[in-house]
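Fold and contact review
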Amino acid sequence: MKDILEQLEERRETARMGGGQGRIDAQHGRGKLTARERVDLLLDEGSFEEFDMFVSHRCTDFGMENQKPAGDGVVTGWGTINGRLVYLYSQDFTVLGGSVSETHARKICKIMDMAMQNGAPVIGLNDSGGARIQEGVDSLAGYAEIFQRNIMASGVIPQISVIMGPCAGGAVYSPAMTDFIFMVKDSSYMFVTGPEVVKTVTNEVVTAEELGGAGTHTKKSSVADAAFENDVEALAEVRRLVDLLPANNRAELPVRPFFDDPERIEPSLDTLVPANANTPYDMKELILKLGDEGDFYEIQAEFAKNIITGFIRIEGRTVGVVANQPMVLAGVLDIDSSRKAARFVRFCDCFEIPILTLVDVPGFLPGTSQEYGGVIKHGAKLLFAYGEATVPMVTLITRKAYGGAYDVMASKHLKSDFNYAWPTAEVAVMGAKGASEIIHRADRNDVEKLAQHTADYEARFANPFVAAERGFIDEVIQPRTTRKRIARAFASLRNKKVTTPWKKHGNIPL
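In what follows, the accompanying structure is described. (Residues numbered from 1 in each chain as written. Predicted model: local features only at pLDDT ≥ 70, side-chain atom pairs only at ≥ 80, totals over all residues. Heavy atoms only, no water.)

1. Considerations on the overall build of the protein
Scanning the protein from terminus to terminus reveals 19 helices and 17 strands. Expected size for 510 residues packed as a compact globule is a radius of gyration near 24 Å; at 26 Å, the protein falls within 12% of this value. In terms of overall dimensions, the protein has a C-alpha envelope of 95 × 55 × 45 Å along the principal axes. In the protein, which comprises 510 residues, the proportion classed as buried is 50%. Once local pairs closer than 6 in sequence are excluded, the contacts in the protein between residues at least 24 apart make up 73%. Positive and negative charge centroids in the protein, built from 57 and 68 side chains respectively, lie 4 Å apart. (Helix = DSSP H or I, 4+ residues; strand = E, 2+ residues; numbered from the N terminus. Rg over C-alpha atoms; globule rule 2.2 N^0.38 Å. Buried < 20%, exposed > 50% of the residue type's maximum accessible area, 1.4 Å probe, protein only. Contact = heavy atoms within 4.5 Å. Lys, Arg positive; Asp, Glu negative; His and termini not counted. Charge placed at Lys NZ, Arg CZ, Asp CG, Glu CD.)

2. Overview of the packing of helix α12 (residues 335-350) against helix α14 (residues 375-388)
Running from N to C, α12 and α14 point in directions that differ by 20°, and their axes come no closer than 8 Å. For the element pair α12 / α14, the angle class is roughly parallel. α14 is crossed by α12, and the crossing has left-handed handedness. Between α12 and α14, the residues in contact are I335, S338, R339, A341, A342, V345, R346 and D349 and V375, H378, G379, K381, L382, F384, A385, Y386 and E388, respectively. Here the contact of α12 with α14 is composed, by residue class, of nine nonpolar, three polar and five charged. (Axes fitted to C-alpha atoms, helices over the stretch in contact; angles between N-to-C directions. Parallel < 35°, antiparallel > 145°, perpendicular 65-115°, else oblique. Left-handed = near helix turned anticlockwise from the far one by under 90°. Nonpolar A, V, L, I, M, F, W, Y, C, P; charged D, E, K, R; others polar.)

3. A closer look at the sheet that holds strand β3 (residues 84-91)
Taken in spatial order, the seven strands line up as β1-β2-β3-β4-β5-β7-β9 in an open sheet, and their pairing is mixed. Both edges of this open sheet fall to β1 (49-51) and β9 (226-228), since each of them pairs with a single strand only. On average, each strand axis in the sheet is inclined to that of its neighbour by 20°, with strand direction left out of account. By the bridge criterion, four bridges tie strand β5 (residues 159-163) to strand β7 (residues 180-184) in an arrangement that is parallel. Bridging from a neighbouring strand, V162 pairs with F182 of β7. Contacts from helix α4 (residues 102-118) reach β1, β2 (74-81), β3, β4 (122-126) and β5, with the element oriented near 170° to β3. (Pairing = 2+ DSSP bridges.)

4. Remarks on the pairing of β5
Most of β5 is tucked away: five of the five residues are buried. Of the two faces of β5, both are covered, the one formed by Q159, S161 and I163 as well as the one formed by I160 and V162. Bridging between β4 and β5 involves five bridges; their strand directions are parallel. Across the sheet, L125 pairs through a bridge with V162, a residue of β5.

5. Overview of α14
For α14, built from 14 residues, the straight-helix expectation of 20 Å at 1.5 Å per residue is met to within 8% by its first-to-last C-alpha distance of 20 Å. Packed against the buried residues of α14 are β12 (317-324), α12, β13 (355-361), α13 (368-372), β14 (393-402) and α15 (403-408). (Expected span 1.5 Å × (residues − 1).)

Below, the structure written as structure tokens:
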């Protein structure tokens, strides 16, 4: 018996070493952790239970029968994050470059199936050279099996991808279908075709970092939600995110102890909105003053900065926030901001996370580039997302709410439950000057008359009371009381139930 136990421990130790000490040292030399080090950092200490440690591939072509490392380049299993169950896989670049074989893919699929069965988040730590070429179509079939599970899990359990090395070719589509993608600066990249192929086909000369690095995907493409300095920081942020999310689409939101009075009064909010309607202010200041302990977890902070998305807690419960940012393009809606916000709203609706919408929007961005780029359809995505959502929704208009953008930003007409406004709110078809020039076209060249018409229009419409008279605004509130009013609103909506017509699914304007 003793010999058998010793053999078991020897086999385990060999498996834990992955591709061997030399390749582990090379991994560290690139500033990267190994697959197992990442698992240990991500999960609670001592909580990891590994599956399939001894699985090996079955390929016999190209001399592969002589290379059969235990685990086949991916570490899979389950554990806990702050005591809450999660499933995960961590690709091991030290073993055959982390390449995906048929058995490598099966290990991942097994974990994803278990996550679905038991209603827990699944986290993928990606660090792979791509499909294992020696296996040909078997490797591609393995990828497709993973893709199908990503699709089936979408909206059922949270899926988080962390890109911690290369992720190229078909490998990119699994992370792309997950809910959140994090990257590591200077050591991770994602692209469908690499720099060499790009140069061959299009004659473009581009580096891997320029083509698919963390900066590219967080600032330009919006493929990734955030980028971090190193593996350690990225994994710590994943732990923070998991804390905010429910385990699955039928689970209750996690409730964290809080030490911030829900009825806290914030006198500084009375002067947040400047007297001049064209002067910007930072909407993040309002968000931080509304959330418990001023904690805000922002999503896609570097992309489409004219809209803010992320999570706060109110009375210890997670709330998704969508807010126009007057500091960037006056908070206008455009193609990128509409896509960003629509994706976030749909995630929150999938997992019964209440949505708080903070509105200061002068309209949609005009111009040929926007129209040619399909701003109509992209704007409709956000409209569709809000209109389809059945979670508790509270909307606050702080200043401008003009035209179609007023409708789109979780208006009463899209079934938002509570619609508040500050006294500084302006709910109108357009700004006073532009409206006066259209209504009083004959006086357009008379500066004094036009100024008077503009002042009259402002007095009549540049306030929240016309909308309040019609019931489109439920209450005009004092800014200082905002946290109290919003906390009470969400508390009253905890048992909200909505019945919708049966359908297979809607046809969102993609």
